[in-house]
Amino acid sequence: MPKDSTLDWLVIGGGIHGCYLANCLIRKRFTGRSDLRILDPHGQPLAQWKRVTSNTGMEYLRSPKVHHLDMEPLALKHFARCSACDDQFIAPNERPSLKLFNRHADTVLEKSGLQDLFIKNYATDIEKSGDRYLVHTANGVIKARHILLSIGMGDSPEWPDWADHLKRESGSIEHVLSQNYSRKSIPHEGEIVIVGGGMSAIQTALSLSGDSRRITVLSPHSLRINNYDSDPGWMGPKYLNRYRTISCANRRRAVIGEARNSGSITHDLHRRFGLEVKSGRCRFVVDRINSAVALTNDLMMMETATGENIAANSIVLATGYPNRRPGGEMIDRLINRFDLKCATCGYPVTGTDLQWADGLFVTGALAEIEIGPAARNLVGARMSEVRLGNAVGEIKV
Ligand SMILES: Cc1cc2nc3c(=O)[nH]c(=O)nc-3n(C[C@H](O)[C@H](O)[C@H](O)COP(=O)(O)OP(=O)(O)OC[C@H]3O[C@@H](n4cnc5c(N)ncnc54)[C@H](O)[C@@H]3O)c2cc1C
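Quick look at the structure, then. (Residues numbered from 1 in each chain as written. Predicted model: local features only at pLDDT ≥ 70, side-chain atom pairs only at ≥ 80, totals over all residues. Heavy atoms only, no water.)

**Quick look at the site of the ligand**
Next up, step 1: The local shell around the ligand holds 31 residues, among which Asp 40, Arg 62, Ser 63, Arg 376 and Leu 378 are the closest.
Next up, step 2: Take Ser 63: an N or O atom from its side chain is 2.5 Å from a nitrogen atom of the ligand.
Next up, step 3: In the model, an oxygen atom of the ligand is placed 2.8 Å from a nitrogen or oxygen of the Leu 378 main chain.
Next up, step 4: Notes on the ligand: free accessible area 1,000 Å², of which the protein chains cover 90%.
Next up, step 5: If you list the elements that add at least two residues to the shell around the ligand, you get helix 1 (16-27), strand 2 (36-40) and helix 2 (47-56).
Next up, step 6: No other element matches helix 2, which puts four residues into the shell around the ligand.
Next up, step 7: Grouping the constituent residues of the shell around the ligand by class yields 14 nonpolar, 13 polar and four charged. (Near = heavy atom within 4 Å. Polar contact = N/O pair within 3.5 Å; in protein donor to acceptor, adjacent residues only side chain to side chain. Areas by Shrake-Rupley, 256 points an atom, 1.4 Å probe, with all protein chains shown as cover. Helix = DSSP H or I, 4+ residues; strand = E, 2+ residues; numbered from the N terminus. Nonpolar A, V, L, I, M, F, W, Y, C, P; charged D, E, K, R; others polar.)

**Re the environment of Leu 74**
Next up, step 1: By the secondary structure assignment, Leu 74 is in the loop between helix 2 and helix 3 (75-81).
Next up, step 2: On the basis of relative accessible area, Leu 74 is assigned to the partly exposed category, the value being 34%.
Next up, step 3: Residue contacts for Leu 74: discarding those within four places in its chain leaves Val 66 and His 68. (Buried < 20%, exposed > 50% of the residue type's maximum accessible area, 1.4 Å probe, protein only. Contact = heavy atoms within 4.5 Å.)

**So, the packing of helix 6 (residues 199-208) against helix 9 (residues 267-279)**
Next up, step 1: Following both chains from N to C, one finds helix 6 and helix 9 inclined at 45°, their axes separated by 10 Å at the closest point. With respect to helix 9, the axis of helix 6 lies oblique. Crossing of helix 6 against helix 9: the hand is left-handed. Here Met 199, Ile 202, Gln 203, Ala 205 and Leu 206 of helix 6 lie close against helix 9, whose contacting residues are Leu 269, Arg 272, Phe 273 and Glu 276.
Next up, step 2: Split into classes, the residues belonging to the contact of helix 6 with helix 9 amount to six nonpolar, one polar and two charged. (Axes fitted to C-alpha atoms, helices over the stretch in contact; angles between N-to-C directions. Parallel < 35°, antiparallel > 145°, perpendicular 65-115°, else oblique. Left-handed = near helix turned anticlockwise from the far one by under 90°.)

**Focus: the pairing of strand 17 (residues 309-312)**
Residues in a regular strand point their side chains to alternate faces of the sheet.
Next up, step 1: Burial along strand 17 is one-sided: the face carrying Ile 310 and Ala 312 is buried and the face carrying Asn 309 and Ala 311 is not.
Next up, step 2: Pairing geometry for strand 16 (residues 299-304) and strand 17, over four bridges, is antiparallel. Within the sheet, the bridge partner assigned to Met 302 lies in strand 17 and is Ile 310.
Next up, step 3: Once strand 16 ends, the chain turns through four residues before running back antiparallel as strand 17, passing Gly 307 with a positive phi of about 90°. (Pairing = 2+ DSSP bridges.)

**Some words on unusual backbone geometry**
Next up, step 1: Cis rather than trans, the peptide bond between Ala 91 and Pro 92 has omega equal to -10°.
Next up, step 2: Mapped onto the secondary structure, Pro 92 falls in the loop between strand 3 (89-90) and strand 4 (95-96).
Next up, step 3: One non-glycine residue, Arg 29, adopts positive backbone phi at about 60°.
Next up, step 4: For Arg 29, the location among the structural elements is in the loop between helix 1 and strand 2.

In C-alpha cells:
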C-alpha cells in the first residue's frame, strides 16, 4: 500500500473484467503494483467465473481462442502447444476447453502476482472527499483516486416468484448459478426438472444425465441455435461504428436487446442434447410454470401455462440473471450522491472513456450502453481496455 494509504486505483470486483483490466493497468505501467488493489468478497481471482462454469458442467467456452486473460491475442494458442491438456479446442472458431482456459488464466494471473493484490471484502458504499473516493467495507474504508467498478451481474441469479415460494416451502430447488448449488446434492434417481432453455440449461442437463435420473428441460421457448451470444460484427467496426453514432441511450438499449441471441445454444450442444433426447435420458418441454407446491421435501408439483402437471424430485433453475442493473443499493446511492447519468433501464451513461464521474470508471455489464452487446463477455474486457487505456493515458499526461 502507498505511504499515505491512498491508492491510485481500487478495482471493485475481481472477476474476468476486474482481473484483466487490473493486469493491463499494471503491465502498461499506468500504475504501480503497490498503488492498486482489487476488492472482492471471494478474496481470489475469478471465483464467480469458476463457480458458474463448473456448476453448469460447461466443457468448452463459447468464445474463440483469442479471447482470454492475457494481453497478447495468440497467448492461449501458444500456451496450448506447451500444455498437456487433452481436447484443447473445439470447432467452430477453435473454442478452448474450460480446463485449458482456466489453466492459462491461472498461469497469467500467477505470473502477474494479482492474487497478492486482493482484499477480501465487499464494497458497501462509495463517497468522495476532495479528489479521493472512500470505499466502505465491513473492515473499514479504503481510499483511492480512481475506482473501476467491475462487479459483473452481481451475486444473485434470477429466481421466478413461483420458485421463491417453493424454496420457502422447503422444496428441493436450487439455482445452477448460485453459491449453494452442488451437483453432488442432486439425487441419482428420480425426476429432475431443469427450468430454462439456454446454454446453462442444456449444459446442466448434459452434466446431470446418466445414473437413473429422468431429466426434463422445461423451457419457455423452443431450442434456438446460434454459435454466438451476438453476431461477431458486434466485436468490431462492422456494427459498432454505426452503434456509436446513436446518441440516445434508450435507443442503444433497444439495439442491444435486438442484437443478443438470448437463450440460444451452440450447434455442438444442440447435437449432444439431441442424442440424449433420442436415447430417452432427457426430454424437452416448451411451457411456462404458473405455480408450484412442495408435497414433501423431495416431491414437488408444478402446474404449467398449458395446464400440465409436472412432478419433480429436484428442480434446478437455469434462468440466468435478473434483467436489471447490478450493484443494488450501493449503486443506487452512488447515482443519487453524484447525480450520475443513467438510461431508462438504469444502466450507466458514461463518456466514451467509460468514466461515469471524475475518476470513476465502469466495465462489463455496467458499461454495456457504451460498449454494446458484447460488453459483458471476455471480448468486452478487451474493448474496455482500449477505452480505459486512452483515458488513463490522458490522465497521466
Ligand atoms: C455458464 C456461463 C458460461 C459463460 N461462458 C462465456 C464464454 O464462453 N465467453 C464469454 O465471453 N463469456 C461467457 N460467459 C459470460 C461471462 O461469465 C461473464 O460475462 C463474465 O464472467 C463477466 O465478468 P465480470 O468480471 O464482469 O463479472 P464476474 O465474473 O461475475 O465477477 C464480478 C466479481 O465482482 C464481485 N462483486 C460484486 N459486487 C461487489 C461489491 N459490491 N464489492 C466487491 N466485489 C463485488 C463478485 O463477487 C465477483 O467476484 C458465461 C457465463 C456463464 C454464466
